[in-house]
Amino acid sequence: MKADSQFSKEMFQKATQEDRNAEKIRRPSIKYWPDVWRRLKQNKLAMTGLIIIVLMGIMSVIGIYINGFDYRQQDYSLINIHPNSIHWFGTDDLGRDLFTRTWFGARYSLLIGILAAAIDFLIGVLYGGIAGMATRKVDAIMMRIAEVIYSIPYMLIVILLSVVFSTQGSGTSLFVLILAMSLTGWVPMAILVRGQVLQLKESEYSLASESLGATKGWILLKHIIPNTLGPILVNVTLTIPRAIFAEATLSFLGLGIQPPKASLGSLANEGLAGLPVGNAYQVLIPALFISLIMFAFNVLGDGLRDALDPRLRK
Amino acid sequence: MKKYLLKRLGMSLVTLWAVVTITFILMHSVPGNPFAQEGKMPKAVYDNLQAKYGLDKPYTEQYAIYLKNLLKGDFGDSMKSRVETVNDMIERGFPVSARLGLQALVIALCFGPALGALAALYQNKIPDYISMIIAIIGISVPSFIMGTILIQFLARNVGWLPIAGWGTWQHTLLPSFAMALMPMATMARLMRSSMLEVLGQDYIKTAKSKGITKPAVILKHAVRNAILPVISILGTTISNLIVGSFVIEKIFGIPGLGRFFVQSIYNRDYTLIMGTTIFYAAILIIMLLLVDIAYMLIDPRIKLTKEGR
Amino acid sequence: MEKVLEIKELAVSFKTFFGEVEAVRGISFDVGRKETVAIVGESGCGKSVTANSIMQLLPMPPAFYKGGQILFNGQDIIKKTEKEMQDIRGNKISMVFQDPMTSLNPTMRVGKQIVEGIIKHQHLNREEAEKKAIEMLDLVSVPQPEKRVKQFPHEFSGGMRQRVMIALAMVSNPQLLIADEPTTALDVTVQAQILELMKELQDKMDMSIILITHDLGIVADMSDKVVVMYAGQILEQGLTDEIFANPSHPYTRKLLASVPRLDMDRNESLHSIEGTPPDLYIPPKGCPFYDRCDNAMKICKDHMPDKSHHSNSHYSHCWLHHELAKSDTEGSK
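Throughout, residues of each chain are indexed from 1 in the direction in which the sequence is written. Here every chain gets a letter starting at A, and every ligand a number starting at 1, in the order they are written. Local features in this predicted model are restricted to residues whose pLDDT is 70 or higher, and side-chain atom pairs enter the listing and the counts only when it is 80 or higher, whereas totals over whole chains, interfaces and linings include all residues.

J.: Explanation requested: the environment of D70 of chain A in the structure shown.
T.: Secondary structure follows DSSP: runs of H or I at least 4 residues long count as helices, runs of E at least 2 residues long count as strands, and numbering of each begins at the N terminus. Within the secondary structure, D70 of chain A sits in the loop between α3 (44-62) and α4 (98-133). Once C-beta atoms are placed from the backbone, each residue is buried if 20 or more other C-beta atoms lie within 10 Å of its own, exposed if 12 or fewer, and partly exposed for counts between those two. The exposure class of D70 of chain A is partly exposed, given the 14 C-beta atoms found within 10 Å.

Now the structure itself:
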């Protein structure tokens, strides 16, 4: 081969370690959770959902104090006032301020959603975790029981329980509603956790840990649960709107929260009467907020799932 | 296959029994007395009523009688209606609810998977956005709100369709659409993600590498596999439709079983509550069983794995 | 020799969120009639992308042809329409994929999956096509083909499924078979059977094979010619004998050293190649193997070496074959 003039002999000396390290082009290694967060941030829809949730959360705490009305305070001289500068969302047929009532209702709805999801999470992780770590036989029995519980129609049980525990006229308490929803609601979480545990139990890090004498509980707590956190988080995010929806449906049927207390569902139910007489705002405003909450949690859950999906990781 | 079916049937019966028992216990643990509302009544009348509904007997005996009657298909007498038994009310209400539910299911099944498949095929393009906007609306807006809005705008303001009531097919349009929207949206979303996953599978590449046309690849290979998860949620869908019917029948004033059920709760008509609950549970459990069987017929892999268990 | 396929300066990229990934960066090789060409390299080196771009099976977007030609019987495949490609796929060029567990449609009977291709290309009616499907299964030595056509893929073992895949690929006596890691997912004993089957069919049907693999052991048995790919480029190409006898790129040498051999000393350890291939979001200016090469020189970092021909059929891209480098190494020894 002919020696090119552009190359000097010097260039053909062996490359030193410094040469190699000089301009190493490597993408920075990406950590898992910051990476998930980064991808979530890119998802505009999911971020919209997150912002809505945060705003709703804040407003459900402070919203009832903002315009100086009490959620129970009736004023018969001011019934069915359309939204104006004093009553921002108008008043209902008893003259109660709907802005205050709406945020009071949002507080109830969010509380129910979050508490129900929390209970589902606790029972589901515990039950699923135990089933996954237990012997095959115990696992099979536990899953059969879960299957039976799950095929009991969810809403029917919720309705029945609310009938049993509500005394005439006072409606169903928050506690009963949440209890009723959690009765069957934990099963999907348990199935999810069990599946993950079964998969991860066989993984190398669990086996390594076991070979070092770790107990099953320790492995479950230290290795498996942290690694299933992603799917669990998605499930929780999607349980919340389901519970909120269930409560709204119940309250809309008049079986949930009773006045003077309010949830978004019961407000929609009360407002329904205003629809034929030109007071559509009474039902549309709570309806809008229910839809917003449902929307926000659903798109956030979707976004989380996409952000966690390792197949989309590049 | 047969063994699996028998096992599955057994599970269904256990579930049904569990529902019956839970319902029974719940209904009999209600504080106070079912006739308390009736105002003051003479002791003789009260005793008569107690005896008529068997409430004077011990719980275990009541339970045994109730189970025995159920096996004969007898749900007992209504506590509030003096003219109709629970069976009469179910017979009157169920066909109405069933028609509504079926129409909603058909609407959801026709449009949901199609929208989802379209969205996946045109991922991040306009059809995807349109489908997913519809799906997000469907998921975010509960049926009672959708029903209310539909009544307000399509029936009351524009007057195209009757506001409420029952009788002609026009009466069924708005309620079945309102009921269908959420299941349709759920199916569309599920179909989209499942279709996207299937489209990335090796066997789709194999199908393409055979040189068959694009529509054949999509219909015979992609959709055929992607629809499986949608079928597997049909049971839940039907369950949601039942709950949806409570709400929709209330809004639209439809004389279906859902309304009777809700009414029975307002009226504290315990035998009717119990009867309808058990009836609904039975319907649902049968549906779940049918869905399972359908799934087994469609996915050839299931037979082997389940048989092997 | 008559050339069935000529690839000239082919470049394929993917548009991704982070930017463009240059998966294949200007590669050229050709495949003669009845010839078997092996494309060898680590995962991610662009060998599968090359195979899929011959079939136009890459998802576009994100993938796109950036340049070059793929001449099949003298006609550029890149310029063909989807409709024209459908007549080529499964007919003149067929493909067998890596994982037989996932490459058959799980919900369609095996016979029907074969029949689809037959009906498309041979214009037979269903009954004749079904008969032909049974013949095809028989050809690839699937026992009891009449019974097997009615079964679903999950009722087949891995090796049997790969036979089905091969039968599927053979329905129209293709001129070219692209086998993308056809035995990687299989047991060693089954591997040998599948390779044997492919050779047998090649003789029977006069077809050319592109064999994509990372397993040099297979290459020695099967191929006439070897193309060594790395980071989307060809680093060395030559007849199989030349490559094995005289590997002239350090990467090829390392690949060969990482293959276990029967005549190896028991105490001799297998060599793995340390490090990872470069990131093709920002392809290196110089030799892509620079980072992992024991013989790297200062020049390698910023300058890509030209071809150095070792024979008519054998060349490599490496500065070690440059005059200045040769005298240097000789001098230092």
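J.: Would you explain the interface of chain A and chain B in this entry?
T.: How big an interface is tends to be stated in terms of accessible area lost as the parts join. Any pair of residues counts as being in contact when their C-beta atoms, constructed from backbone geometry, are within 7 Å of one another. Contacts between chain A and chain B engage 32 residues on the former and 34 residues on the latter. Going through the elements one at a time, α5 (136-151), α6 (154-165), α9 (216-252), α10 (264-272) and α11 (281-308) of chain A are the ones with two or more residues in the side of chain A that touches chain B.

J.: I would appreciate a short explanation of the sheet that holds strand β8 (residues 208-213) of chain C in the present structure.
T.: Strand pairing in a sheet relies on backbone hydrogen bonds, with the paired strands running either antiparallel or parallel. Residue and element names in this part refer to chain C. For two strands to pair, DSSP has to find at least two bridges joining them. On the basis of which strands lie adjacent, the open sheet formed by eight strands has the order β6-β7-β8-β3-β9-β10-β12-β11 and mixed pairing. In this open sheet, the two strands that pair with only one neighbour each are β6 (93-96) and β11 (307-309). Pairs of neighbouring strands in the sheet enclose a mean axial angle of 20°, with direction left out of account. Against the sheet, helix α6 (residues 158-170) touches β6 and β7 (176-180), its axis set at about 170° to β6. Axes here refer to lines fitted to C-alpha atoms; in helices the fit is confined to the stretch in contact. Angles between the N-to-C directions go from 0 to 180 degrees. Across the sheet, helix α10 (residues 250-257) touches β3 (36-40), β9 (225-230) and β10 (233-239), and the angle it forms with β9 is around 105°.

J.: Explain the nonpolar core to me, please; I cannot follow it from the model alone.
T.: In a soluble, globular protein the nonpolar side chains are often hidden away together inside. Residue and element names in this part refer to chain C. A set of buried Ala, Val, Leu, Ile, Met, Phe, Trp, Tyr and Cys residues, joined to one another through C-beta atoms within 7 Å, is what we call a nonpolar core. Counting 243 residues, the largest nonpolar core has V40, I178 and I210 as its most contacted members. An automatic or database domain assignment supplies the residue ranges for each domain. Looking at which domains feed residues into this core, each of domain 1 (3-92 + 172-262 + 272-327) and domain 2 (93-171) supplies at least three. Look past the residues within four positions of I178 in its chain and what remains in contact with it is A51, I54, M55, I93, M95 and I210.

J.: What's the story with the interface of chain B and chain C in this structure? I'm lost.
T.: Listed per partner, the contact involves 19 residues of chain B and 25 residues of chain C. Every element with two or more residues in the side of chain B that touches chain C is listed here: α8 (202-209), α9 (214-232) and α13 (300-308) of chain B. The leading source of residues in the side of chain B that touches chain C is α8 of chain B, at seven residues. The residue classification treats Ala, Val, Leu, Ile, Met, Phe, Trp, Tyr, Cys and Pro as nonpolar and Asp, Glu, Lys and Arg as charged. All others, Gly included, are polar. Taken together, the residues of the side of chain B that touches chain C break down into five nonpolar, seven polar and seven charged.

J.: In this structure, what is going on with the packing of helix α7 (residues 169-199) of chain B against α9 of chain B? I would like to understand it.
T.: Residue and element names in this part refer to chain B. Two elements in contact, α7 and α9, have axes whose closest approach is 8 Å; the angle formed by their N-to-C orientations is 135°. Relative to α9, the element α7 lies oblique. Our pair here, α7 against α9, has a crossing hand that is right-handed. Facing M187, L190, M191, S194, M195, V198 and L199 of α7, the residues of α9 in contact are A222, N225, A226, P229 and V230. Relative orientations are named as follows: roughly parallel for angles under 35 degrees, roughly antiparallel for angles over 145 degrees, roughly perpendicular for angles from 65 to 115 degrees, and oblique for any other angle. The crossing is said to be left-handed when, going from far helix to near helix, the turn is anticlockwise and less than a right angle, and right-handed when the turn is clockwise.

J.: Would you mind going over the confidence of the model for chain B with me for this structure?
T.: Parts of the prediction with low pLDDT should not have their coordinates interpreted in detail. Residue and element names in this part refer to chain B. Confidence of the predictor at the level of single residues is given by pLDDT, which spans 0 to 100. Put simply, chain B has an average pLDDT of 82, and 93% of its residues get 70 or more. Between the elements of chain B, mean pLDDT differs from a low of 51, seen in α13, to a high of 90, seen in helix α4 (residues 86-121). Confidence drops under a pLDDT of 50 for residues 304-309, and excluding neighbours within four residues, the segment shows five contacts in the predicted structure. Scored by ipTM, the complex comes to 0.79, with pTM at 0.80.

J.: How should I be thinking about the pairing of strand β2 (residues 19-32) of chain C in this particular structure?
T.: Remark: a regular strand shows side chains that alternate across the two faces of the sheet. Two strands pair when backbone bridges link them, and strand β1 (residues 3-16) of chain C and β2 of chain C are joined in this way by 11 bridges, in the antiparallel orientation. Pairing of L5 of chain C across the sheet is with V31 of chain C, part of β2 of chain C.

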